[in-house]
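Results of the structural survey
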There are 2 protein chains.
Amino acid sequence: MKMDDYKRFATEGYRVYVPNISIACTLLGFHDNKLKVLLLRWKGLDKWSLPGGFMKQDEDADEGAARILKERTGLDVYLQQYHTYTSLNRFTIDEPSQKKFKDTFGMEVLKGHWYDKRVIGIGYYGLAEYAKVTRIELDMITIDSRWWPVDDIPENMLFNHHEMIGGAMKALQRDVAHEPVCLKLLPSKFTMAELQCLYESILGYSLDRGNFRKKMMNAGILKDMGESTTRKAHKTPHLYSFDVRAYKKALQSGIIFKLQ
Amino acid sequence: MKMDDYKRFATEGYRVYVPNISIACTLLGFHDNKLKVLLLRWKGLDKWSLPGGFMKQDEDADEGAARILKERTGLDVYLQQYHTYTSLNRFTIDEPSQKKFKDTFGMEVLKGHWYDKRVIGIGYYGLAEYAKVTRIELDMITIDSRWWPVDDIPENMLFNHHEMIGGAMKALQRDVAHEPVCLKLLPSKFTMAELQCLYESILGYSLDRGNFRKKMMNAGILKDMGESTTRKAHKTPHLYSFDVRAYKKALQSGIIFKLQ
DNA sequence: ACAAAAGTGTTGTCCTTACACCCATGC
DNA sequence: GCATGGGTGTAAGGACAACACTTTTGT
């Protein structure tokens, strides 16, 4: 990274970006039987944030969110706008952090720049196949990236990004019955246990194993792809794929698991 | 209305409002067994619009939406943010309309003012008890107000407000299983037929009368308030009220009517 | 008596629930 | 053998769809 980049952003960015409208993306992946969210660590600040940025003047928010994640991951991920955050204080940075940032970049954070004002945040959630995300691009402002379990994200989150992840999870719970969420999160072949675990991770409660399998098979949305080749210390499970047409058809009337 | 008001808005408004962030409210009411939306007709333009306006610098979007509908109706209505519209051309006004507006106000619409730029729109839907909305406040820019059936709104809508009403209806369909939608739209006492008709209006398909009644009664969310006093040429129906606690409890696991 | 709307009942089917039981594998 | 996880079966109960039937009112 070059210091010039940040200086140019600070002094020229107002020509490219809409100064008071930002986009934040909660990119989710499913790995190790857990839902995980991609976070970036900010240089100097010792804070984690969602991938995001200002909306450009010549793009709409959908395009902006796609651009932001394309730049970071190289991928076109499934994106859904879920809420716009407008509270007056959501964009403020505490004094110690401002000082740290200044020490790193040799100039003030925010103060006096075009983005030193109230900024609203349009929240998107993104769904990606975890294994396909093979690299995360860092930039002038970020020093590290990591997948965090959604139920164990770090304390030191920037702005209101903690709240935003919570909102994304609530939206995902709302949408899982009617949107092809599992298709976007799982690899093309998966076991029944993985599918069930994904549902449980999203919904936040556990489901009966036998009944889950029956419901899925009766729905006619899965194709049996035969036995897994990876042998563990147990019976080898079958692998399944989505019958995409049937899955999307079933989503129209909803795939619903009631609590309890 | 005084012309001064508009001039002051055009020349001084940037001090009060966030120039590029607007709020649009799809206020819904249930009347005559139909869902209706409150629209305002613009002076000079011969166009209808949703109640809305710019977000103020010292309020968040929720407060802005509440303020806008409070000013118009005098009421605190149930409000839900559902989508933010950011397309580049959504705020443009066609040339003939600009001319009409100029003829009316004696000055250009948009051109050269602080709001002559890209504006995004945060969409809210509002739910009100129709009979409680007894007056609609007009202002410098509006000349008429009317409730329109949501399935028969006028052709000449301002900006992308037609699309926004569609989005509000989709959001309402999404939310009706889990949010106290019917409680907010119906009067305190209502007949079973009215409740069913409301559900059908929201969902967009019809339900079996006998089964609907059974499901509602079994859910234990209604209190039987005895017979209606208004006599028509038929058997007098019972009136019901929501058992609010039970209704909200039931909404946690969802009150779902599947298509077909 | 009749039409129209309100209220109730019936029947079969399907889904869900709560388990129990077997199978396959590596140690 | 045994622990572990994968796959299947079952019986009871509930929910739901599709009706038919009865009741009450004003004309």
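Keep in mind it's a predicted model, so treat the numbers as computed, not measured. (Residues numbered from 1 in each chain as written. Chains lettered and ligands numbered in written order. Predicted model: local features only at pLDDT ≥ 70, side-chain atom pairs only at ≥ 80, totals over all residues. Heavy atoms only, no water.)

Things to note about the overall build of chain A
Check the secondary structure of chain A and you find 8 helices and 9 strands. Taking the principal axes of the C-alpha coordinates as reference, chain A spans close to 60 × 40 × 30 Å. Each of the 260 residues in chain A was classed as buried or not, and the buried ones make up 51%. Pairs at least 24 apart in sequence give 76% of the contacts found in chain A among residues at least 6 apart. For chain A, the computed accessible surface area is about 12,900 Å², with 49% contributed by carbon and sulfur atoms. Across chain A, the mean location of the 39 positive side-chain charges is 4 Å away from that of the 33 negative side-chain charges. (Helix = DSSP H or I, 4+ residues; strand = E, 2+ residues; numbered from the N terminus. Buried < 20%, exposed > 50% of the residue type's maximum accessible area, 1.4 Å probe, protein only. Contact = heavy atoms within 4.5 Å. Areas by Shrake-Rupley, 256 points an atom, 1.4 Å probe, with all protein chains shown as cover. Lys, Arg positive; Asp, Glu negative; His and termini not counted. Charge placed at Lys NZ, Arg CZ, Asp CG, Glu CD.)

Comments concerning the protein's contact with DNA strand C
The environment of DNA strand C is made up of 19 residues, and the closest members are N211 and K232 of chain A together with R209, R213 and H238 of chain B. Considering the 4 Å shell around the protein, atoms of DNA strand C inside it are sugar or phosphate in 57% of instances. In the model, a sugar or linking oxygen of DNA strand C is placed 3.3 Å from a nitrogen or oxygen of the H234 of chain A main chain. At 2.8 Å from a base oxygen of DNA strand C is found a side-chain nitrogen or oxygen belonging to K214 of chain B. At the level of elements, α7 (209–219) of chain A together with α7 (209–219) of chain B are the ones that each hand at least two residues to the surface near DNA strand C. By residue number, the principal contributor to the surface near DNA strand C is α7 of chain B, which donates 4 residues. A class-by-class count of the residues in the surface near DNA strand C yields 3 nonpolar, 6 polar and 10 charged. (Near = heavy atom within 4 Å. Polar contact = N/O pair within 3.5 Å; in protein donor to acceptor, adjacent residues only side chain to side chain. Nonpolar A, V, L, I, M, F, W, Y, C, P; charged D, E, K, R; others polar.)

Quick notes on the packing of helix α6 (residues 192–203) of chain A against α7 of chain A
Residues and elements named next belong to chain A. At their nearest, the axes of α6 and α7 sit 11 Å apart, and the two run at 100° to each other. The orientation of α6 with respect to α7, classified from their angle, is roughly perpendicular. Counting all contacts with α6, which are made through M192, L195, Q196 and Y199, the residues of α7 involved are R209, F212, R213, M216 and M217. (Axes fitted to C-alpha atoms, helices over the stretch in contact; angles between N-to-C directions. Parallel < 35°, antiparallel > 145°, perpendicular 65-115°, else oblique.)

Here we look at the domain arrangement of chain A
Residue and element names in this part refer to chain A. Domain annotation for chain A reports domain 1 (6–175) and domain 2 (181–253). With centres defined by C-alpha atoms, the gap from domain 1 to domain 2 works out at 31 Å. Domain 1 puts 14 residues into the contact, and the matching count from domain 2 is 11 residues. Summing the contributions of domain 1 and of domain 2, the shared interface buries around 1,100 Å²; its carbon and sulfur component is 73%. Along the contact surface separating domain 1 from domain 2 lie 0 salt bridges. (Domains from an automatic or database assignment. Buried area = accessible area lost by both parts, 1.4 Å probe. Salt bridge = Lys/Arg side-chain N within 4 Å of Asp/Glu carboxyl O.)

Side note on the relation of the copies chain B and chain A
For the pair of chain copies, the relating transformation is a rotation about an axis with a translation along it. Relative to chain A, chain B is turned by 180° and slid 0.0 Å along the rotation axis, the superposed coordinates differing by an RMSD of 0.1 Å. Read as a symmetry element, the transformation amounts to a two-fold axis. A symmetric contact is evident, with 100% of the interface residues of chain B recurring at the interface of chain A. (Least-squares fit on C-alpha atoms with pLDDT ≥ 70 in both.)

Comments concerning the interface of chain B and chain A
With 25 residues of chain B at the interface, the matching set in chain A holds 25 residues. Summed over the three residues of chain B that lose the most area to chain A, namely Q81, R118 and R174 of chain B, the buried surface amounts to 23% of that side. Between the two partners, chain B and chain A, sit 0 salt bridges. Inspection of the chain B/chain A interface yields 10 residue pairs in polar contact (both at pLDDT 80 or more). Secondary-structure elements contributing two or more residues to the side of chain B that touches chain A are β1 (17–31), β4 (52–56), β5 (78–85), β6 (120–127) and α4 (161–175) of chain B. A breakdown of the residues in the side of chain B that touches chain A according to their chemical character gives 8 nonpolar, 9 polar and 8 charged.

Concerning the nonpolar core
Soluble globular proteins tend to pack their nonpolar side chains together in the buried interior. Within the largest apolar cluster, 49 residues are counted, with the highest numbers of intra-cluster contacts made by L195, Y199 and M216 of chain A. Examining the composition of this core, we find that 7 residues originate from one element, α6 of chain A, more than from any other. Lining this core are residues from two domains, each supplying at least three of them: domain 1 (6–175) and domain 2 (181–253) of chain A. With sequence-adjacent residues up to four places away left out, Y199 of chain A is seen in contact with V176, C182, L207, F212, M216, Y247, I255 and F257 of chain A. Within the second largest apolar cluster, 48 residues are counted, among which are Y82, L127, A168 and L198 of chain B. (Core = buried A, V, L, I, M, F, W, Y, C linked by side-chain atoms within 4.5 Å.)

Considering the protein's contact with DNA strand D
Near DNA strand D, the surroundings consist of 18 residues, among which R209, R213, K214 and H238 of chain A together with K232 of chain B are the closest. Restricting the count to atoms of DNA strand D within 4 Å of the protein gives a sugar and phosphate share of 55%. In the environment of DNA strand D, a base nitrogen lies 2.7 Å from a nitrogen or oxygen atom belonging to the side chain of R209 of chain A. One nitrogen or oxygen atom from the side chain of K214 of chain B is found 3.4 Å from a base nitrogen belonging to DNA strand D. For the surface near DNA strand D, the secondary-structure elements that each account for two or more residues are α7 of chain A together with α7 of chain B. In terms of residue count, α7 of chain A provides more of the surface near DNA strand D than any other element does, 4 residues in total. For the surface near DNA strand D, the per-class residue count stands at 3 nonpolar, 5 polar and 10 charged.

With respect to the pattern of salt bridges
Residue and element names in this part refer to chain A. Evaluation of the coordinates by the stated rule reveals 22 salt bridges over all chains. Residue E71 pairs with R67 through a salt bridge whose shortest N-O separation is 3.7 Å. On the criterion of helical spacing, the pair formed by E71 and R67 is a turn pair, its members being 4 residues apart in helix α2 (residues 61–73). Judged by its relative accessible area of 16%, R67 is buried. Three or more residues joined by partner-sharing salt bridges are found here, namely E59, R67 and E71.

Quick word on helix α4 (residues 161–175) of chain A
Count 3.6 residues to each turn of an α-helix, and residues three or four apart come out pointing the same way. With 15 residues, α4 of chain A extends 21 Å between its outermost C-alpha atoms, agreeing within 8% with the 21 Å of an ideal straight helix rising 1.5 Å per residue. Residues of α4 of chain A that are buried: H161, M164, I165, G167, A168, M169, A171, L172 and D175 of chain A. (Expected span 1.5 Å × (residues − 1).)

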